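Structural features, examined
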Amino acid sequence: MARYFDIHPENPQQRTIGQVVAILRSGGLIAYPTDSCYALGAQLSNKDALDRIRSIRHLDDKHHFTLMCRDFAQLGQFVKMDNDIFRSIKAVTPGSYTFILPAVKEVPRWLAQPKKKTVGVRIPDNKVVLALLEELGEPMISSTLLLPGEEDPLTEGWEIKERLDHQVDAVLDAGFCRPDLTTVVDFSSGEPEIVRYGTGDPSRFE
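What comes next is a walk through the structure.

Parameters at a glance
- Residues numbered from 1 in each chain as written.
- Predicted model: local features only at pLDDT ≥ 70, side-chain atom pairs only at ≥ 80, totals over all residues.
- Heavy atoms only, no water.
- Helix = DSSP H or I, 4+ residues; strand = E, 2+ residues; numbered from the N terminus.
- Buried < 20%, exposed > 50% of the residue type's maximum accessible area, 1.4 Å probe, protein only.
- Contact = heavy atoms within 4.5 Å.
- Phe/Tyr/Trp six-rings, centres within 6.5 Å; stacked < 30°, edge-to-face > 60°.
- Pairing = 2+ DSSP bridges.
- Axes fitted to C-alpha atoms, helices over the stretch in contact; angles between N-to-C directions.

1. Comments concerning the environment of Phe 176
- In this structure, Phe 176 sits in the loop between β8 (170-173) and β9 (183-186).
- The class of Phe 176 is exposed, set by a relative accessible area of 54%.
- Discounting chain neighbours no more than four positions away, the residues touching Phe 176 are Thr 155 and Glu 156.

2. Quick look at the packing of aromatic side chains
- What the rule picks out here adds up to 6 aromatic pairs.
- Their ring planes at 65° and their centres at 5.1 Å tell us that Phe 72 and Phe 86 sit as a pair that is edge-to-face. Taken as a pair, Phe 72 in helix α3 (residues 72-75) and Phe 86 in helix α4 (residues 83-90) lie far apart in primary sequence, 14 residues in all.
- For Phe 72, a relative accessible area of 15% corresponds to the buried category.
- With 5.9 Å between their ring centres and 10° between their planes, Tyr 97 and Phe 99 make a pair best called stacked.

3. As for the sheet that holds strand β1 (residues 3-6)
- Here we have 10 strands laid out as an open sheet, ordered β1-β8-β2-β3-β7-β4-β6-β5-β9-β10, and mixed in their pairing. Looking at which strands have only one partner, the edges of the open sheet turn out to be β1 and β10 (193-196). The sheet shows a mean angle of 30° between the axes of neighbouring strands, direction not considered.
- Bridging between strand β2 (residues 30-32) and β8 involves 2 bridges; their strand directions are parallel. Its bridge partner being in β8, Ala 31 is matched across the sheet by Val 171.

Structure (structure tokens):
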């Protein structure tokens, strides 16, 4: 049964953040709000959680998982990008964008996309997530909480608790979360390619 945490969206309680990070560090899988929609999250080294996410979402091995990063210093430790790409990404972050980039060798091999050796990265504009990342001290593995056969992500913490009670270890509820998806931009070839249109303004990359 998942633990349920009610947290303030603008002033997240530090005690609650600490409890959730303790669950992450003990190998847990959490559902948490972002600046686009709710997501599933786990510690970077947690391969078992990756398999659990694949099971919940019915994902194949071609799916790009995302590293949710606190800031550019953290993001830059896990992906390769030249100065032009850096400037393009920095101009729109933090925000509702996910960028696909070549992974560095420090990214676990099982996390990177197996053929392209790429990974998704993003810096969210959400105080709850940033507090989690600050306390955790490293990126989180993340995946949109979009269930199989459904067109929109889940938007309410209580509903996630009801539907995924025995599939996740904790639900962090900060109230209603918009059913929005990030705009996904693939920079793996060196030039931007929009692979999903979402709430982030895509015009800069078209």
